Amino acid sequence: MNIGIALVGSGSATPHQTLTNAQLGLRVETNDSWIRSRTGIAERHVCDSEETLSALSQRAASSALKMAGWNPETIDLVLLASSTPDDLFGSAPQVQAKIGASNAVAFDLTAACSGFLFALITAAQFLRSGSMRRVLVIGADQLTRWVDWDDRTSCVLFGDGAGAVALEATDQKNDGLIGFKLKSDGNRGNCLTLNQIEDFLPLVDGITHQRGGFSPIKMNGQEVYKFAVREVPSILEELLTANQIDPDSLDWLLLHQANKRILDAVADRFSIPKEKVLSNLSKYGNTSAATIPLMLDEAVRDGRIRPGHLIASSGFGAGLSWGAALLRWQGPI
Ligand code: UT7
């Protein structure tokens, strides 16, 4: 393995509409103090009729490209992690076309809230193998399309957003992907689903077919919570040990933004001080595949994450799926 991976640009985008906890309380029986104390969320962004998943992704991607200083025609791959594409056949080609990445192959990858990390690691394999030099990884979701707005146990959590990271092949000594681990467990998948509706119609005599369509998100919040506070520390521990990295040497903990209590529990487990735990959950809620790049971009742009910083990141969610990566931010070369 003599090709390194440099994280050289980031970008993000959120819809302009914001929905506060108080506004949500007008729709469903909930209130600001419950939502803040149980989740850390104060408001979330919601796409309107003008904003699509592809459009948000395009904005995030263009801004990452700009930071990296890339000509879009030099990109080899546009990889879009999303569970909520505009088109079930995939939205990545739309993004590829809109950003002018005319020489790139583009496809979608689905792994719910773990999607961004799974896509980052997938993209890294193309770089490590030497078959590609520049890839753009996007994490974007529009879960507000699929939330049951009458289910207060889940609708308070989710919002829309997109984030992107530009990855470039580099020398081994500048490698920014120090290690990773990815896991799945379909046996536990039923605690968080966005399933097909069961709508079977007669087609011709003796033949039925299923009409497409999805029922809203169903979640057993307590089960997902227990999964996260057990598996995230465990996978991070494995990763740190395998790479002989002491938690004290981390500059940042960058977790999937699902619940402030989950962030706190993981940080406590490794005695990571609160100042090193990145969180923007209060402004955006859980934007699924977007949370990690959205947070990364915010912290890069406000100067918290600086070149050379070591970041432990972990994503987790439906599938069930979870993963972790040790990253070193490089910034524009
Ligand atoms: O990307 C992964 C996505 N999913 C997650 O990360 C979800 C992980 N789970 C969680 O974040 C938490 O389980 C929740 C925030 C969803 C719920 O918090 P909790 O502390 O586990 O609450 P609970 O389900 O135990 O409910 C406590 C009480 C219940 O009332 P009773 O039975 O004690 O009277 C609920 O009915 O809070 C009630 N409740 C609410 N009250 C006001 C549940 N949702 C709400 C609400 N507003 N929105």
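About the criteria used
- Residues numbered from 1 in each chain as written.
- Predicted model: local features only at pLDDT ≥ 70, side-chain atom pairs only at ≥ 80, totals over all residues.
- Heavy atoms only, no water.
- Salt bridge = Lys/Arg side-chain N within 4 Å of Asp/Glu carboxyl O.
- Helix = DSSP H or I, 4+ residues; strand = E, 2+ residues; numbered from the N terminus.
- Buried < 20%, exposed > 50% of the residue type's maximum accessible area, 1.4 Å probe, protein only.
- Pairing = 2+ DSSP bridges.
- Axes fitted to C-alpha atoms, helices over the stretch in contact; angles between N-to-C directions.
- Contact = heavy atoms within 4.5 Å.
- Domains from an automatic or database assignment.
- Buried area = accessible area lost by both parts, 1.4 Å probe.
- Polar contact = N/O pair within 3.5 Å; in protein donor to acceptor, adjacent residues only side chain to side chain.
- Nonpolar A, V, L, I, M, F, W, Y, C, P; charged D, E, K, R; others polar.
- Expected span 1.5 Å × (residues − 1).
- Arc of directions from axis to C-beta.

### Examining the pattern of salt bridges
For step 1, the next point in the chain: Tallying each qualifying case throughout the model produces 19 salt bridges.
For step 2, the next point in the chain: Measuring nitrogen to oxygen at the nearest pair gives 3.9 Å for the salt bridge that ties lysine 181 to glutamate 238. Separated by 57 residues along the polypeptide, lysine 181 in strand S8 (residues 177–184) and glutamate 238 in helix H7 (residues 221–242) bring together distant segments of the chain.
For step 3, the next point in the chain: Under the relative-accessibility criterion, glutamate 238 is labelled partly exposed at 29%.

### What to know about the sheet that holds strand S13 (residues 252–255)
For step 1, the next point in the chain: Read from one edge of the open sheet, four strands run S8-S15-S14-S13, paired in mixed fashion. Lying at the two open borders of the sheet, with one neighbouring strand each, are S8 and S13. Adjacent strand axes in the sheet meet at a mean angle of 10° when their direction is disregarded.
For step 2, the next point in the chain: Direction of pairing for S13 relative to strand S14 (residues 310–317): parallel, over a ladder of four bridges. Opposite leucine 253, over in S14, you have alanine 312 as the bridge partner.
For step 3, the next point in the chain: In this fold helix H5 (residues 115–128) packs onto S8, S14 and strand S15 (321–328), with an angle of close to 125° to the strand it touches most, S8.

### Points about helix H10 (residues 291–301)
For step 1, the next point in the chain: Of all 11 residues that make up H10, nine are buried, and the element is covered over most of its length.
For step 2, the next point in the chain: Where H10 is concerned, the buried positions are Thr291, Ile292, Pro293, Leu294, Met295, Leu296, Asp297, Ala299 and Val300.
For step 3, the next point in the chain: Positive phi shows up at glycine 303, right after H10, with a value of about 85°.

### So, the domain arrangement of the protein
For step 1, the next point in the chain: Each assigned domain of the protein is listed here: domain 1 (3–174) and domain 2 (177–189 + 216–328).
For step 2, the next point in the chain: Relative to domain 2, the C-alpha centre of domain 1 lies at a distance of 16 Å.
For step 3, the next point in the chain: Taken together, the contact pairs 50 residues of domain 1 with 43 residues of domain 2.
For step 4, the next point in the chain: Taking both sides of the interface into account, the surface hidden between domain 1 and domain 2 amounts to around 3500 Å²; carbon and sulfur atoms contribute 65%.
For step 5, the next point in the chain: Where domain 1 meets domain 2, there are zero salt bridges.
For step 6, the next point in the chain: The interface formed by domain 1 and domain 2 includes 18 residue pairs in polar contact (both at pLDDT 80 or more).
For step 7, the next point in the chain: Looking at the side of domain 1 that touches domain 2, the elements that each hand over two or more residues are strand S1 (3–13), helix H2 (32–39), strand S3 (43–46), helix H3 (53–68), H5, strand S6 (134–142), helix H6 (152–155) and strand S7 (160–171).
For step 8, the next point in the chain: For the side of domain 1 that touches domain 2, the leading source of residues is H5, giving nine residues.
For step 9, the next point in the chain: Within the side of domain 1 that touches domain 2, the residues separate by chemical class into 25 nonpolar, 18 polar and seven charged.

### Side note on H3
Because the α-helix completes a turn every 3.6 residues, residues three or four places apart line up on one side.
For step 1, the next point in the chain: Counted at 1.5 Å a residue, the expected span for H3 with its 16 residues is 22 Å, and the 22 Å between its end C-alpha atoms agrees.
For step 2, the next point in the chain: Within H3, burial applies to Leu53, Ser54, Leu56, Ser57, Ala60, Ala61, Ala64, Leu65, Met67 and Ala68. Around the axis of H3, the buried residues are gathered within 165° of arc, so they sit on the same side.
For step 3, the next point in the chain: Against the buried residues of H3 lie S1, strand S4 (77–81), helix H4 (92–98), S6, S7 and H10.
For step 4, the next point in the chain: Glycine 69 occupies a position one or two residues after H3 and carries a positive phi of about 75°.

### Comments concerning unusual backbone geometry
For step 1, the next point in the chain: A cis amide bond links glycine 319 with the next residue in sequence, leucine 320, at an omega value of -10°.
For step 2, the next point in the chain: Counting through the fold element by element, leucine 320 comes out in the loop between S14 and S15.
For step 3, the next point in the chain: Non-glycine residue serine 271 carries a positive phi angle of around 50°.
For step 4, the next point in the chain: Mapped onto the fold, serine 271 is located in the loop between helix H8 (260–269) and helix H9 (281–284).
For step 5, the next point in the chain: Owing to a relative accessible area of 59%, serine 271 belongs among the exposed residues under this scheme.
For step 6, the next point in the chain: The backbone of serine 288 shows a phi angle near 60°, a positive value even though the residue is not glycine.
For step 7, the next point in the chain: For serine 288, a relative accessible area of 2% gives the class buried.

### Re the pairing of S7
Regular strands place side chains that alternate from one sheet face to the opposite one.
For step 1, the next point in the chain: Summarising burial for S7: 11 of the 12 residues are buried, a large majority.
For step 2, the next point in the chain: Bridge analysis of S1 against S7 gives 10 bridges, and the strand direction is antiparallel. Directly across from glycine 11, in S7, lies its bridge partner alanine 164.
For step 3, the next point in the chain: Summarising the sheet, S6 and S7 pair through nine bridges and their orientation is antiparallel. By the bridge assignment for S7, isoleucine 138 is matched with alanine 164.

### A few points about the environment of lysine 283
For step 1, the next point in the chain: Within the secondary structure layout, lysine 283 lies in helix H9.
For step 2, the next point in the chain: Relative accessible area serves as the criterion here: at 33%, lysine 283 is assigned to the partly exposed category.
For step 3, the next point in the chain: Measuring from C-alpha to C-alpha, the distance between lysine 283 and isoleucine 35 comes to 13 Å, with 248 residues separating the pair along the chain.
For step 4, the next point in the chain: The residues contacting lysine 283, other than those within four sequence positions of it, are Glu43, Arg44, His45 and Glu298.
For step 5, the next point in the chain: A distance of 3.2 Å separates the side chain of lysine 283 from the side chain of glutamate 298, its partner in a polar contact.

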